[in-house]
Number of protein chains: 2
Amino acid sequence: MNPHVAPVPLNKAYRLLNHGPTVLVSAAHGGVRNAMAAAWSCALDFQPPKVTVVLDKATRTRELVEASGFFVLQVPTAAQAGLTHRLGNRSLHQDPDKLAHAGARLVDIDLPADASVGPGAGPAAGAAPAVAAGPVPLVDGCAAWLVCRVLPEPRNQGIYDLFIGEVVAAWADARVFSDGHWHFESAPPELRTLHYIAGGQFYAIGESIVVPDTPAAG
Amino acid sequence: MNPHVAPVPLNKAYRLLNHGPTVLVSAAHGGVRNAMAAAWSCALDFQPPKVTVVLDKATRTRELVEASGFFVLQVPTAAQAGLTHRLGNRSLHQDPDKLAHAGARLVDIDLPADASVGPGAGPAAGAAPAVAAGPVPLVDGCAAWLVCRVLPEPRNQGIYDLFIGEVVAAWADARVFSDGHWHFESAPPELRTLHYIAGGQFYAIGESIVVPDTPAAG
């Protein structure tokens, strides 16, 4: 990881996803690591922070998420558009060297000791997975990372391919996200986030628009 | 509605949300109409197209969605940043003239006759709501609109404030979305989509990045 990576307070973690970037989803289990691209990921709650992500049944990453009970959402940059598209277009099922061929470098990190029994555990938030927390793989070079513990929801996962996770740790590249805010306007343009459409076409995030907190007349 | 509005084929409707724009959510029931802003909305499936949206229990819009079984997601433009922020910051509960004060103009449209028993109805997708399809309110001036039928999921709605909808009709402003693609680069900049962070700060969507569909070496 680069020297600019800094922790993000959990109560600000939703802001890493609030503007709708395409993400990379990574997971590991039994010595196998993988990462894929996902345009369908979204914040779900502020505190404890929760997220949703859609993981097709055909993906190897989903198997690793289900087996380990954890996934990482990371926010790739404009410089990683090619990497993101390659991670989204090939499966580890077909290409055992997918990560190397895509040009992805994964870094293992150890989870906080209490990540498997995080603050959202309990009947209201879904039962904690009965797995030991192990290292999780982060894709190097991204703008932000959110490590998530699966809150098992079998009906959502089975019918809609929809997974809910509670964020247990988050980091960002402080050149582009600090003090709870993105700073795209002052950061190098290659650190802008990616927003996928289809057919290899993305948009980078653009210009800042600030609306004063003054009520309309009337 | 303006003369540029054109229907979007349902199998392309996911592309209206794929890049993660902030949306406006509108609904009507019993003569009451309302609209709110939501950053937490996401595509969920291609065909039939489905979406997710998070609707807080405190919102009047949620009550109208639950009562009517329908909601509209619309994609506001950079020109509507102030409108979007105002619709997200005040509640119809507190301000009976919220829509007028926010500067929102709603247009009622009649749903297709079969919208309440759309192609996703059935046990696998959730039971169709037992309500008659009525007019739904669209916020004028947006870049795109998706009319959605609620697929009732009581556990998601109760625990996570998470609603799943099936898209039954979609339109877009053809100046900025046509032939299944956004055309921000050739459209007026005030038609760019909005991506909310916090505290009145949005980003407009930015520049197009196209990745050729060629595999990486190796």
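Could you clarify how one ought to interpret the confidence of the model for chain A in this entry?
The predicted coordinates ought not to be read in detail in places where the model reports low pLDDT. Per-residue confidence for chain A gives a mean pLDDT of 90, with 88% of residues at or over 70. Note on residues 116-132 of chain A: pLDDT under 50 across the span, and 29 contacts to partners over four residues away in sequence or across chains.

Just checking my understanding: could you explain the sheet that holds strand S13 (residues 194-198) of chain B for this structure?
Through backbone hydrogen bonds, the strands of a sheet pair up, either in parallel or in antiparallel fashion. If you trace the 4 strands from one edge of the open sheet to the other, you get S13(A)-S14(A)-S14(B)-S13(B), paired in antiparallel fashion. Taken across any chain shown, the strands that pair with only one partner, and hence form the sheet edges, are strand S13 (194-198) of chain A together with S13 of chain B. Going from strand to strand, the sheet's axes swing by 40° on average, the running direction of each strand aside. Pairing of S13(A) with strand S14 (residues 201-210) of chain A involves 4 bridges; the strand directions are antiparallel. Considered in S14(A), the bridge of A:Tyr196 is made with A:Phe202.

Sorry, what's going on with the environment of B:Ala67 here?
On the secondary structure map, B:Ala67 appears in helix H1 (residues 60-68). It is 24 Å that separates the C-alpha atoms of B:Ala67 and B:Ala102, two residues lying 35 residues apart in sequence.

I'm lost on the interface of chain B and chain A in this one. Help?
A common way to express how large an interface is: the accessible area buried when the components associate. Every contact between the two is made by 63 residues of chain B and, on the other side, 63 residues of chain A. In this assembly, chain B packs against chain A so that about 5,000 Å² is buried in total across both faces, 57% of it on carbon and sulfur atoms. It is B:Trp40, B:Tyr160 and B:Tyr203 that lose the most area in chain B upon contact with chain A, and together they represent 16% of the buried surface on that side. The interface formed by chain B and chain A contains 2 salt bridges. Between A:Glu153 and B:Arg155 there is a salt bridge, and its shortest N-O distance comes to 2.7 Å. Taken together, the connections running from chain B to chain A amount to 27 residue pairs in polar contact (both at pLDDT 80 or more). Sorting the residues of the side of chain B that touches chain A by element identifies strand S4 (41-45), strand S5 (50-54), helix H2 (81-89), helix H4 (154-160), strand S10 (162-173), strand S12 (181-182), S13 and strand S14 (201-210) of chain B as the ones contributing at least two each. Per-class residue counts for the side of chain B that touches chain A are 34 nonpolar, 19 polar and 10 charged. Summarising the sheet, S14(A) and S14(B) pair through 7 bridges and their orientation is antiparallel. Pairing of A:Phe202 across the sheet is with B:Ile209, part of S14(B).

Cut-offs applied
- Residues numbered from 1 in each chain as written.
- Chains lettered and ligands numbered in written order.
- Predicted model: local features only at pLDDT ≥ 70, side-chain atom pairs only at ≥ 80, totals over all residues.
- Heavy atoms only, no water.
- pLDDT = per-residue confidence, 0-100.
- Contact = heavy atoms within 4.5 Å.
- Pairing = 2+ DSSP bridges.
- Helix = DSSP H or I, 4+ residues; strand = E, 2+ residues; numbered from the N terminus.
- Axes fitted to C-alpha atoms, helices over the stretch in contact; angles between N-to-C directions.
- Buried area = accessible area lost by both parts, 1.4 Å probe.
- Salt bridge = Lys/Arg side-chain N within 4 Å of Asp/Glu carboxyl O.
- Polar contact = N/O pair within 3.5 Å; in protein donor to acceptor, adjacent residues only side chain to side chain.
- Nonpolar A, V, L, I, M, F, W, Y, C, P; charged D, E, K, R; others polar.

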